[in-house]
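# Observations on the model geometry
If you want the building blocks of each chain, they are given just below.
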Amino acid sequence: MGKGEIYYAVIVDREGTIIAFPDTTFVSERVNIKSLAIIEQTLAHKKNSTRFRFLETDYIGGGAVVESTGWPVVVFQSVEEAFFVVRRTRYFILLSIVVAAAVAFIISRLSIRRVVNPLSQLVKNARKIAGGDYSVTMRMESYLEINELAEDFSRMAKAIKNREEELKRAQTFLDSIIENIPNMVFVKDARTLKFVSFNKAGEELLGFPRVSMIGKTDYDFHPPEEAEIIISRNMETLEKGSLLDIPEEKINTKSRGERILHTKKIPIFGEDNRPTYLLGISEDITDYKRMEGELLNMRKLESIGVLAGGIAHDFNNILTVILGNIELAGILMERENKIQVATIIERLKEAAKAALRAKDLTLQLLTFSRGGAPVKRLASIVEILKETTSFVLSGSNVRCEFNIPEDLFFVEVDEGQMSQVFNNIVINADQSMPDGGVLKISVENVVAEVGDKAGLLEINNVTANDRPFESGKYLKISISDQGTGVPEEDIARIFDPYFTTKQRGNGLGLATAFSIIKRHNGQISVKSNIGLGSTFIIYLPAAEGELPLEKRLETQDIQMKGRVLVMDDEEAVRNVLTDMLESMGYEVEGSGNGAEAVKLFSDASKLDRRFDIVIMDLTIPGGMGGKEAVKILLEMDPEVKVIVSSGYSNDPVMAEYKKYGFSGVISKPFKVADLSKMLTEAAG
Ligand SMILES: Nc1ncnc2c1ncn2[C@@H]1O[C@H](COP(=O)(O)OP(=O)(O)OP(=O)(O)O)[C@@H](O)[C@H]1O
Ligand SMILES: [Mg+2]
């Protein structure tokens, strides 16, 4: 067996003794190696390679038998040498794996830092943005693409933020508009009909805070019957799928009692084309409706007025004649001083009283037809109140208690009309206490703030007109009886013309009072309790200024001097007026129309028989009336005192007589005392 650089070759004989080998000592010593696995394998003609151990060393090799001799020839190499390359290669592979793993590890660390970290930061920031926090910063160290991604992300966040702010602004704008709409705006879920949204007006109208209304249904705020009607209208709206207009919807509210609403209900459609919400808008038209009612009243009053005016005109002329003649007869008789005159005077006085009652009736009718123009004078209401009350209650078992302080505001009123108001109210009170009782009358000053209503009108029952007051000073007159009271179902109607519960009533008393107070820019209201009584409350705007000194004159005692021209188309009126004036000491001439009066006046002036006073009827059918004549007279004589007289007029001249040049006004029918007072005032 020999040892080569890499390989060894050995030849052995058939017995396994070494014949040839590089190391000749093995040959010379005839070393037998038959026991070696490689020799055994070769001898057995096995061609595969064999591993064996020889002299403490592992070898690998193969061999073949030489045919001619039968000697095996074997070639081998130490295992270490044979597998050196394989081992080296394996080493390099292992080393490469380790290096690659290390490199991969480092790269992955770097990647985590430069890719994963920025990405997870992006994810975190995305979550923050989703949560509404836009204060994220996106500056990071990473690959170009990721940095670009981060920048895009920043821009996107900014854009979202801007859009969200814009949306918020738009939402706030919309919310504040809806919130400030003075009508109730509400939204209900179309499926459950529960409230989803409410505005301020809705809160105020229903009297519940918004939070307590959201999620509730109409059954929580309205009586069941009322809620049912509302719900059925909601259903109707949703079913027909378009706006439902409810011109009048009555609801009972917690804080404001019964209100009348004009409601519009609108279905709001979702993406599936089915109603998702129900939008409602309700306008509170209670005050408007009340005013409409009043207006209707006024119209009714006006139509009565046309009729009343016609009757009253004739009636007053007749009364003027009756009253005048009776009075004159009385005066004459008193002067004659004959026997039995006293009884005749008594009779005449009775007749005059009856005529005066007729005069009151025409006054009542007239207030409807005066075209809104009371003839106002600065007056003390107390005097009118006391006079009227004592007149009405004379002979009644009703006692009157006054509570009237000093320093009351003065008012500008038509005294005749105002006494009629008190007359009507006191008569009603008297009639409501057939077994007697106490009538309490109080007057006080009040000062109202703008829109003041509840503060001024402490009336919780039904009121005739409780519209807000204009700020300013008012005189408040309360008339309280202890009578039967007005039933709840009647109370809203007692101011209507013709409403009466009395067998012989006309139902005109309170309608007249209402009309008069309204024309004085005042308010009249009532509160009543069945069995306990009623209180009528009147507010009249106070007037500035001082009350003129009363110039009460006892006519019979004062004799006037001067020339008076009387113009009236009715001869009887002319005659009685002439006689009245003559009895007072005047020199009188009469005329039937304006043109004639102007001629008489001008002739008299030329003849130096100037008229000091002219009393003229306002309108003359088919001729010149006082309204036109006064202008001509004043042109001729600016000093002349012209007094306008009328039994009935729709003309504003009566209320604003001074504007037209008249010095005074007198309403037919009148008594000698009225005439005398008028003439004195006009002359003064
Ligand atoms: N003080 C009161 N107490 C009770 N009920 C009253 C009172 N005042 C008015 N009323 C009721 O109001 C109704 C209308 O009153 P109003 O004065 O307008 O008419 P009238 O008294 O019936 O008739 P008239 O035209 O003769 O006055 C009365 O019929 C009565 O039912
Ligand atoms: Mg009455």
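Everything numeric here is computed off the predicted structure, so don't read it as measured data.

Taken as a whole, this structure holds 21 salt bridges when the rule is applied. Of the charged contacts, one joins arginine 563 and glutamate 589 as a salt bridge, the two residues approaching to 3.1 Å between their closest N and O atoms. Pair noted here: arginine 563 is in strand S18 (residues 563–567) and glutamate 589 is in strand S19 (residues 587–591), with a separation of 26 residues, a long-range link. Note on arginine 563: relative accessible area 8%, which makes it buried.

All right, on to the packing of aromatic side chains then. Applying the stated criterion across every chain yields a total of 16 aromatic pairs. When the ring of tyrosine 8 is compared with that of phenylalanine 76, the centres are 5.4 Å apart and the planes differ by 20°; the resulting orientation is stacked. Within this pair, whereas tyrosine 8 is found in strand S1 (residues 7–12), its partner phenylalanine 76 is found in strand S5 (residues 72–78), the two being separated by 68 residues in sequence. Each member of the pair, tyrosine 8 as well as phenylalanine 76, carries the same accessibility label: buried. Relative to phenylalanine 76, the ring of tyrosine 59 lies with its centre 5.2 Å away and its plane at 80°, an arrangement referred to as edge-to-face. Separated by 17 residues along the polypeptide, tyrosine 59 in strand S4 (residues 57–65) and phenylalanine 76 in strand S5 bring together distant segments of the chain. Look at phenylalanine 76 and you get buried, because its relative accessible area is 2%. Ring-pair connections join several aromatic residues into one group, and the members of that group are Phe186, Phe195, Phe198, Phe208 and Phe221.

The immediate surroundings of ligand 1 are formed by 20 residues, with Asn428, Asp481, Thr500, Thr501 and Lys502 found nearest. Here an oxygen atom of ligand 1 sits 2.7 Å away from a polar atom, N or O, in the side chain of lysine 502. Between an oxygen atom of ligand 1 and a main-chain N or O atom of glycine 509, the distance comes to 3.3 Å. When ligand 1 is considered free in solution it has 600 Å² of accessible area, and contact with the protein chains removes 90% of it. Those elements giving two or more residues to the shell around ligand 1 turn out to be helix H12 (415–432), helix H14 (509–519) and strand S17 (533–543). The dominant element in the shell around ligand 1, judged by the number of residues it contributes, is H12, at three residues.

Here the protein is described as being made up of domain 1 (7–82), domain 2 (181–284), domain 3 (298–366), domain 4 (381–543) and domain 5 (555–683). Centre-to-centre, using C-alpha coordinates, domain 1 lies 152 Å away from domain 4.

Put simply, helix H4 (residues 84–130) and helix H5 (residues 144–180) touch, their axes get as near as 11 Å, and they point 5° apart. The orientation of H4 relative to H5 falls into the category roughly parallel. Contacts from Arg114, Val115, Pro118, Leu119, Leu122, Asn125, Ala126 and Ile129 of H4 reach H5 at Ile146, Leu149, Ala150, Phe153, Ala157 and Ile160. Residue classes in the contact of H4 with H5 are distributed as 12 nonpolar, one polar and one charged.

A few words on the side chain of aspartate 414. Following the sequence through the fold, aspartate 414 ends up in the loop between strand S13 (410–413) and H12. Accessibility expressed as a relative area gives 7% for aspartate 414, which makes it buried. In terms of polar contacts, aspartate 414 uses its side chain to reach the backbone amide nitrogen of glycine 416, at 3.1 Å.

Quick look at the sheet that holds S5 now. The strand order S2-S1-S5-S4-S3 describes an open sheet built from five strands, whose pairing is antiparallel. Of all strands in the sheet, those with a lone pairing partner are strand S2 (18–20) and strand S3 (50–54), marking the two edges. For this sheet, the mean angle separating the axes of adjacent strands, direction not counted, is 45°. Relative to S2, S1 runs antiparallel, the two being bridged by two bridges. From the neighbouring strand, isoleucine 11 faces S2, where its bridge partner is alanine 20.

Conventions and cut-offs
- Residues numbered from 1 in each chain as written.
- Chains lettered and ligands numbered in written order.
- Predicted model: local features only at pLDDT ≥ 70, side-chain atom pairs only at ≥ 80, totals over all residues.
- Heavy atoms only, no water.
- Salt bridge = Lys/Arg side-chain N within 4 Å of Asp/Glu carboxyl O.
- Helix = DSSP H or I, 4+ residues; strand = E, 2+ residues; numbered from the N terminus.
- Buried < 20%, exposed > 50% of the residue type's maximum accessible area, 1.4 Å probe, protein only.
- Phe/Tyr/Trp six-rings, centres within 6.5 Å; stacked < 30°, edge-to-face > 60°.
- Near = heavy atom within 4 Å.
- Polar contact = N/O pair within 3.5 Å; in protein donor to acceptor, adjacent residues only side chain to side chain.
- Areas by Shrake-Rupley, 256 points an atom, 1.4 Å probe, with all protein chains shown as cover.
- Domains from an automatic or database assignment.
- Axes fitted to C-alpha atoms, helices over the stretch in contact; angles between N-to-C directions.
- Parallel < 35°, antiparallel > 145°, perpendicular 65-115°, else oblique.
- Contact = heavy atoms within 4.5 Å.
- Nonpolar A, V, L, I, M, F, W, Y, C, P; charged D, E, K, R; others polar.
- Pairing = 2+ DSSP bridges.

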